[in-house]
Amino acid sequence: MNIATLKSLNSARAARRAAVVVTDLATGRTQTLLEGEPLPSEWEAAISGALRSGRPTLATLGERSLFINVHLPPPRIVVIGAVHISQVLGQFAPVAGFDLSIIDPRTAFATEERFRGTELIAEWPEDVLTARPLDRYTALTALTHDPKIDDHPLRAALEAGCFYVGALGSRKTHAARVERLRQAGVAAEDIGRIRAPIGLDIGAASPAEIAIAILAEIIAALRKRELGWGGEAP
Amino acid sequence: MTKEGNILDPLQVAETWHRQGRAVALATVIETWGSAPRPVGSHLVIDGEGNFQGSVSGGCVEGAVIAEAADVIQSGAPKILEFGVADETAWRVGLSCGGRIRVYIERVDG
C-alpha cells in the first residue's frame, strides 16, 4: 500500500467519512475511494454491496481478483429528550450495535438515576451539536415535543445529512412543526425526510414498544440507505 | 475509532511508524472459512524489527505472519498466506478453532 493511500484513508476515518480500499491481489496495487468520490462503474455493484452491509468482500472482475475493504464510521444515535422512550432506547441501542447519547437541557428529566449506563448531556442541543457535530452515520431522534428543544437539532440533522431523522408527535404537532421549519427556510424536500409519526408502524403503544419501533426504523434506514456516493448529496 | 486512540489502531500505527522512518508491512485478513477468530478486513501492522500491532487471528498465526512480513518488507512483493487445519502447516501453526483464513501481506511504500 502506498503511504499516500494510507494517509487519505486515515484522515477519512478520523473525519467519520466512509472509505473503501480496493486491492488488486495480483499486482498489489491499492486504491482508496472516499465517500462522495466517483465510483468506477465496473466496481459499483461489488462496492455498494460491501458499503451497505459494512462487510469487506473478495470480487473477481474479468481476470482480476480484488479485495474490497470497507471502513464505515461506527453508526450512532443522538436522542433529543430524556423521556420515557429514551430510557428504553438507551438500553436497546447498544445491544443492536449503536452508540447512543441523550441530550436534554431540562435537568429535571436528565437525571443520572433514570439513565444509568447511558451517556446523558444536560445542555442545550445547540451547544452540544456545535462541539460534536452530527454526520451521515448518525441517526437523530427528537422526542421532547417541545419546539424550543427539538427544532434546532432537527434542522441540524437535515443539514448534516443524518441517515435517519425522526420526530415524535401527533400528526397535528408535526403539521405545526413542518410549518415552523418551512418558515425558517428549510426546503420542503428536506422537511419530507423527517420520519413522523416516528417509528415503524407496528402498532406500538408502550414506551418500550415505541422505542423498538424507532430502533427498527433506524436499522432499516441504515441498511437501505442511499449511499450518496458519486458526488450526490445524501 | 478515534476513541480507541492511536496505539490500538493498526492503520494509524502504520502511518506513525512510516513517518518515523521504520519499514512497515500491513497484513489483512481477506477471506475466512469456518470459525475464524478475526473477521475479514482485520489488520496487523509489522515493522522491520518484528514489532507488531493489531491481529489477524486470536494469536494463533501471528508469529508466522510476522516472519513472512520480513520477506515482504525486503522484497516489496505482496504475499498471500493461508492458514488452517487442512493445511500441512497445521502441525506448526494453525487455528485451534478449526477455521481457515487467507492473509494478504503488503509493504507500505513511498
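One can find the structure itself at the top, above this paragraph.
Note that the structure is predicted; figures quoted are calculated from it, not measured. (Residues numbered from 1 in each chain as written. Chains lettered and ligands numbered in written order. Predicted model: local features only at pLDDT ≥ 70, side-chain atom pairs only at ≥ 80, totals over all residues. Heavy atoms only, no water.)

Colleague: Sorry, what's going on with the packing of aromatic side chains here?
Modeller: Each aromatic ring pair is characterised by the separation of its centres together with the angle its planes make. Using the criterion set out here, one finds 0 aromatic pairs over all chains in the structure. Between B:Arg100 and the ring centre of B:Trp33, over which it is positioned, the NZ or CZ distance is 4.3 Å. (Phe/Tyr/Trp six-rings, centres within 6.5 Å; stacked < 30°, edge-to-face > 60°. Lys NZ or Arg CZ within 6 Å of the ring centre and 35° of its normal.)

Colleague: Got a minute to help me understand the interface of chain A and chain B in this structure?
Modeller: It is common to give the size of an interface as the accessible area lost on bringing the parts into contact. The interface is formed by 22 residues belonging to chain A together with 26 residues belonging to chain B. For the pair chain A and chain B, the summed buried surface comes to about 1,800 Å²; carbon and sulfur atoms form 63% of the total. Broken down residue by residue, the surface that chain A buries against chain B is led by A:Met1, A:Ile3 and A:Arg13, which jointly contribute 32%. Counting every contact that joins chain A to chain B gives 1 salt bridge. The salt bridge involving A:Arg13 is made with B:Asp9; its shortest N-O contact spans 2.5 Å. Here chain A is connected to chain B by 9 residue pairs in polar contact (both at pLDDT 80 or more). (Contact = heavy atoms within 4.5 Å. Buried area = accessible area lost by both parts, 1.4 Å probe. Salt bridge = Lys/Arg side-chain N within 4 Å of Asp/Glu carboxyl O. Polar contact = N/O pair within 3.5 Å; in protein donor to acceptor, adjacent residues only side chain to side chain.)

Colleague: Got a minute to help me understand unusual backbone geometry in this structure?
Modeller: Note: most peptide bonds trans; most residues except glycine with negative phi. Residues and elements named next belong to chain A. That bond from Ala 196 to Pro 197 is cis: its omega, 0°, falls within 30 degrees of zero. Here Pro 197 is to be found in the loop between helix H7 (188–191) and helix H8 (207–223). For Arg 16, which is not glycine, the phi dihedral falls at a positive 55°. Take Arg 16: it is sitting in the loop between helix H1 (3–14) and strand E1 (19–24). If you check the backbone angles, His 145 has positive phi at about 70° while not being a glycine. With respect to the helices and strands, His 145 occurs in the loop between strand E8 (138–142) and helix H5 (147–160). (Helix = DSSP H or I, 4+ residues; strand = E, 2+ residues; numbered from the N terminus.)

Colleague: Would you take a moment to explain the sheet that holds strand E3 (residues 57–61) of chain A for this structure?
Modeller: Remark on secondary structure: sheet strands pair via backbone hydrogen bonds, oriented parallel or antiparallel. All names here are of chain A. Read across the sheet, 4 strands follow the order E2-E1-E4-E3 without closing on themselves; strand pairing throughout is antiparallel. Two strands in the sheet have a free side with no partner beyond their single neighbour: strand E2 (30–34) and E3. Taken pair by pair, the neighbouring strands of this sheet meet at an average axis angle of 25°, ignoring direction. Note: E1 against strand E4 (residues 64–71), 6 bridges, orientation antiparallel. Across the sheet, the residue bridging to Val 20 is Val 70, located in E4. Strands in contact with H1 are E1, E2 and E4; relative to E2, the strand with the most contacts, it is inclined by about 25°. The strands that helix H2 (residues 44–53) touches are E1, E2, E3 and E4; relative to E4, the one it contacts most, it runs at about 30°. (Pairing = 2+ DSSP bridges. Axes fitted to C-alpha atoms, helices over the stretch in contact; angles between N-to-C directions.)

Colleague: Just checking my understanding: could you explain the pairing of strand E1 (residues 24–33) of chain B for this structure?
Modeller: Regular strands place side chains that alternate from one sheet face to the opposite one. Residues and elements named next belong to chain B. Here E1 lies mainly inside the structure; 7 of its 10 residues are buried. Sheet topology places E1 next to strand E2 (residues 43–47); 5 bridges connect them, and they run antiparallel. Looking across to E2, one finds that Leu 26 is bridged to Val 45. (Buried < 20%, exposed > 50% of the residue type's maximum accessible area, 1.4 Å probe, protein only.)

Colleague: Please clarify how the pattern of salt bridges should be interpreted in this entry.
Modeller: Tallied over the full model, the rule gives 16 salt bridges over all chains. Between B:Arg22 and B:Asp47 there is a salt bridge, with its nearest N and O atoms 2.9 Å apart. One end of the pair, B:Arg22, is in the loop between helix H1 (10–19) and E1; the other, B:Asp47, is in strand E2, with 25 residues separating them in the sequence. Relative accessible area serves as the criterion here: at 28%, B:Arg22 is assigned to the partly exposed category. In this structure, B:Glu68 engages B:Lys79 in a salt bridge whose closest nitrogen and oxygen atoms are separated by 2.6 Å. Highlighted residues: B:Glu68 in helix H2 (residues 62–75) and B:Lys79 in strand E4 (residues 79–84), separated in sequence by 11 residues. Residues participating in the shared-partner salt-bridge network are A:Arg16, A:Arg76 and A:Asp135.

Geometric values such as these leave the question of function open.
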